[in-house]
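Structural description and commentary
Listed below are the residues making up each chain.
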Amino acid sequence: MFDSQKVYSGSGNSPGHGSDKIQEVEIADLRKITQAVKNCYGYDFTEYAMSSFKRRIQRILELYKLPTVDHLIKKIETEKAFFEEFLPEITVNVTEMFRDPSFWREVRDHIIPNILLNHETFSIWHAGCSSGEEVFSMAILLKEMGILDKVNIIASDIDKPILSKAEKGEYIIKNMELNEKNYIRFQGTSTLKNYYEEKNGKAVMDQSLIKKVSFRNYDLVRGGVFNKFDLILCRNVMIYFNQNLQNSVLKKLHESLFKYGYLAIGSKESLIWCEIANKFIVVNNEEKIYKKIKE
Ligand SMILES: C[S@@+](CC[C@H](N)C(=O)[O-])C[C@H]1O[C@@H](n2cnc3c(N)ncnc32)[C@H](O)[C@@H]1O
């Protein structure tokens, strides 16, 4: 929940403002923003982590040269197209293929072989998949293991436009340099270039990689449990939530896992402080991979 910190809307020297005075934004203003979003679009950001939320609001005010929070609220309430740009600013969709290559090596070398000991086919949920780089990484990994056809994948995100991007699988060619570097560190058996074609300055991913992937617009805050999985990746998503929201989302993720299923979170996240920590064991502390041991 919001505390009594003050938030500053930036230098105030943007065109349209005409002054160097820093606008001070009160916590009450932030509450007004989350309320307006909730009323107009249903999304609930009241339990997103305060520090990051205030930085993002500040950035939006500067980016759109909005002198006050009231201007921002009006824009949210009256311009749906603006809200579509506002949403990713708040929810953050930075991602890359084979992000943290050692994590992907661990998934390939230990986690999936362990799942395969008891299951011929299994299911994976990418919760907060952003533009799909994580999903293509998984598909490439599974293809190289020769088991892509045996795995059902659900990839979800709160942000519809970013989800369409994931389904399309078209990326700026320049970004493929980092993806390729990660892939090399992952020690894949091929080269990333084998999985995409270059067309009009874009890397167009091989669509056969995602033929068994269902993309779903799903909000981890408001959504209920909809299926059971053997492996859930919810990486670099809850880092933007406060402790209370992390606890409630982790309960849903726990319920969405089969017993002895695996949960992977981001490298800077931890399950240690959450209410259901005792229902998991740590499988790999470095890579933040946990196993559900209790219902
Ligand atoms: C930083 S990206 C992480 C992408 C990917 N998992 C990775 O680690 O590279 C965070 C993603 O979480 C999504 N997200 C944020 N809040 C969400 C929510 N309440 N429900 C579902 N997805 C959410 C964002 O839209 C964004 O695509």
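Each chain carries its own residue numbering, running from 1 in the direction its sequence is written. Owing to the predicted nature of the model, reporting of local features is limited to residues with pLDDT of at least 70; listing and counting of side-chain atom pairs is limited to 80 or more, with chain, interface and lining totals taken over all residues. Excluding hydrogens and water, the side-chain values take into account all heavy atoms of the structure.

Let's shift gears to the layout of surface pockets. Here the largest pocket defines a volume of roughly 460 Å³. Cavities and pockets were defined on a 1 Å grid built over protein atoms only: a cavity is a set of grid points that admits a 1.4 Å probe from which the probe cannot escape, a pocket is an open set flanked by protein on both sides within 12 Å along at least five of seven lines, and lining residues are those with an atom within 4 Å of any such point. As for the largest pocket, its lining consists of 28 residues, and the residues nearest its centre are T91, V92, N236, V237 and Y240. In terms of residue class, the lining of the largest pocket is made up of 14 nonpolar, seven polar and seven charged. Grid points are joined across faces, edges and corners, and a volume is the space filled by probe spheres set on the points. Gly counts as polar in this scheme, as do all residues outside two lists: the nonpolar Ala, Val, Leu, Ile, Met, Phe, Trp, Tyr, Cys and Pro, and the charged Asp, Glu, Lys and Arg.

Next up on the list: the sheet that holds strand 3 (residues 122–127). For two strands to be treated as a pair, DSSP must find no fewer than two bridges joining them. Helical segments are the DSSP runs of H or I of at least four residues, strand segments are the runs of E of at least two, and each set is numbered from the N terminus. The seven strands are arranged 8-4-3-9-10-12-11 in an open sheet whose pairing can be described as mixed. Unpaired on one side and paired on the other, strand 8 (213–217) and strand 11 (280–284) mark the two borders of the sheet. Neighbour-to-neighbour, the strand axes of this sheet turn through a mean angle of 20°, independent of strand direction. By definition in these notes, contact holds between two residues if any of their heavy atoms fall within 4.5 Å. Where helices are involved, their axes are fitted lines through C-alpha atoms of the stretch in contact, as for all axes, and angles between N-to-C directions lie from 0 to 180°. Helix 7 (residues 160–168) contacts strand 4 (151–157) and strand 8 of the sheet and is inclined by roughly 170° relative to strand 8.

Attention shifts here to the packing of helix 1 (residues 27–41) against helix 2 (residues 50–63). A pair of packed helices can be characterised by two numbers: the angle between their axes and the separation between those axes. Helix 2 packs onto helix 1 with a crossing angle of 80° between their chain directions and a minimal axis gap of 12 Å. Classified by the angle their axes make, helix 1 and helix 2 are roughly perpendicular. Contacts between helix 1 and helix 2 involve I27, L30, I33 and T34 on the former and, on the latter, M50, F53, K54 and I57. Within the contact of helix 1 with helix 2, the residues separate by chemical class into six nonpolar, one polar and one charged. What sets the label is the angle itself: under 35 degrees gives roughly parallel, over 145 gives roughly antiparallel, 65 to 115 gives roughly perpendicular, and the rest give oblique.

For the rest of this paragraph, the subject is helix 2. Under the convention used throughout, the expected extent of a helix is 1.5 Å for every residue step, that is, one less than its residue count. The terminal C-alpha atoms of helix 2 lie 20 Å apart, and with 14 residues this matches the ideal 20 Å at 1.5 Å per residue to within 8%. Two residues or fewer after helix 2 comes K65, characterised by a positive phi angle close to 50°.

It is worth spelling out the site of the ligand at this point. For the ligand, the set of nearby residues contains 21 residues, the closest of which are Y48, T95, R99, D157 and N236. With respect to the ligand, the side chain of R99 contributes an N or O atom lying 2.7 Å from an oxygen atom. Polar contact is the term for a pair of N or O atoms within 3.5 Å; when the atoms are in protein, one must be able to donate a hydrogen and the other to accept it, and sequence-neighboring residues count only if both atoms are side-chain atoms. Side-chain polar atom of D219 to a nitrogen atom of the ligand: 2.9 Å apart, as the coordinates give it. Areas reported as accessible are Shrake-Rupley estimates using a 1.4 Å probe. Residue values count occlusion only from the protein chains shown. Within the complex, the protein chains bury 99% of what would otherwise be the 600 Å² of accessible surface of the ligand. In this scheme, a molecule is assigned to a cavity or pocket if more than half of its atoms are within 2 Å of the grid points. At a threshold of 2 Å from the grid points, most atoms of the ligand map onto the largest pocket. Across the shell around the ligand, the residue classes tally to nine nonpolar, six polar and six charged. We call a residue near a molecule or strand when any one of its heavy atoms sits within 4 Å of it.

For the rest of this paragraph, the subject is the packing of aromatic side chains. Geometry of an aromatic ring pair is reported as the spacing of the ring centres plus the angle between the planes. In summary, the pairing rule links any two rings of Phe, Tyr or Trp, Trp by its six-membered ring, whose centres are within 6.5 Å, and it sorts them by plane angle into stacked for under 30 degrees, edge-to-face for over 60 and tilted for everything else. This model, assessed by the stated rule, comprises 19 aromatic pairs. Consider the rings of W125 and Y218, whose centres lie 5.5 Å apart with planes at 80°: the pair is edge-to-face. You can see W125 sitting in strand 3 and its partner Y218 sitting in the loop between strand 8 and strand 9 (229–234), a full 93 residues away along the chain. For the pair W125 and Y218, a shared accessibility class is recorded, and that class is buried. The rings of Y41, Y43, F45, Y48, Y64, F82, F83, F86 and F241 are connected pair by pair, giving a single aromatic cluster. Whether a charge lies above a ring is judged from NZ of Lys or CZ of Arg, which has to be within 6 Å of the ring centre and within 35 degrees of the ring normal. Directly above the aromatic system of F82 lies the positively charged group of K75, at a separation of 5.1 Å from the ring centroid. Over the aromatic face of F186 sits the side chain of R108, whose NZ or CZ is 4.5 Å from the ring centroid. Burial here depends on accessible area, computed with a 1.4 Å probe over protein chains only, as a share of the maximum for the residue type. Under 20% is buried, over 50% is exposed, and the range in between is partly exposed.

Right, let's get into the sheet that holds strand 7 (residues 202–205). Spatially, three strands are ordered 5-7-6 in an open sheet, and the strand pairing comes out antiparallel. For this open sheet the edge positions go to strand 5 (170–172) and strand 6 (196–199), each flanked by a neighbour on one side alone. On average, adjacent strands in this sheet sit at an angle of 30° to one another, irrespective of strand direction. Pairing analysis gives four bridges linking strand 6 to strand 7, with the strands arranged antiparallel. Across the sheet, K199 pairs through a bridge with K202, a residue of strand 7.

With that settled, consider the pairing of strand 10 (residues 257–265). Relative to strand 10, strand 9 runs parallel, the two sharing five bridges. Bridge assignment links L231 to a residue of strand 10, and that residue is Y262. One ladder, built from three bridges, connects strand 10 with strand 12 (residues 289–292); its direction is antiparallel. Across the sheet, the residue bridging to A264 is I289, located in strand 12.

The domain limits used here are those given by an automatic or database domain assignment. As assigned here, the chain comprises domain 1 (27–91) and domain 2 (101–292). Look at where the C-alpha atoms of domain 1 and domain 2 centre, and you get two points 28 Å apart. The term buried area means the drop in 1.4 Å probe accessible area that two parts suffer when joined, counted for both and summed. Buried area between domain 1 and domain 2, both sides added, is near 1,100 Å², and the carbon and sulfur share of it is 55%. The largest share of the area that domain 1 buries against domain 2 comes from Y43, E47 and Y48, three residues that together contribute 45% of it. Here a salt bridge means any side-chain nitrogen of Lys or Arg lying within 4 Å of a carboxyl oxygen belonging to Asp or Glu. Taken together, the connections running from domain 1 to domain 2 amount to zero salt bridges. Joining domain 1 to domain 2, the criterion identifies four residue pairs in polar contact (both at pLDDT 80 or more). Only helix 2 and helix 4 (80–91) provide two or more residues apiece to the side of domain 1 that touches domain 2. Of the residues belonging to the side of domain 1 that touches domain 2, the class tally is seven nonpolar, three polar and four charged.

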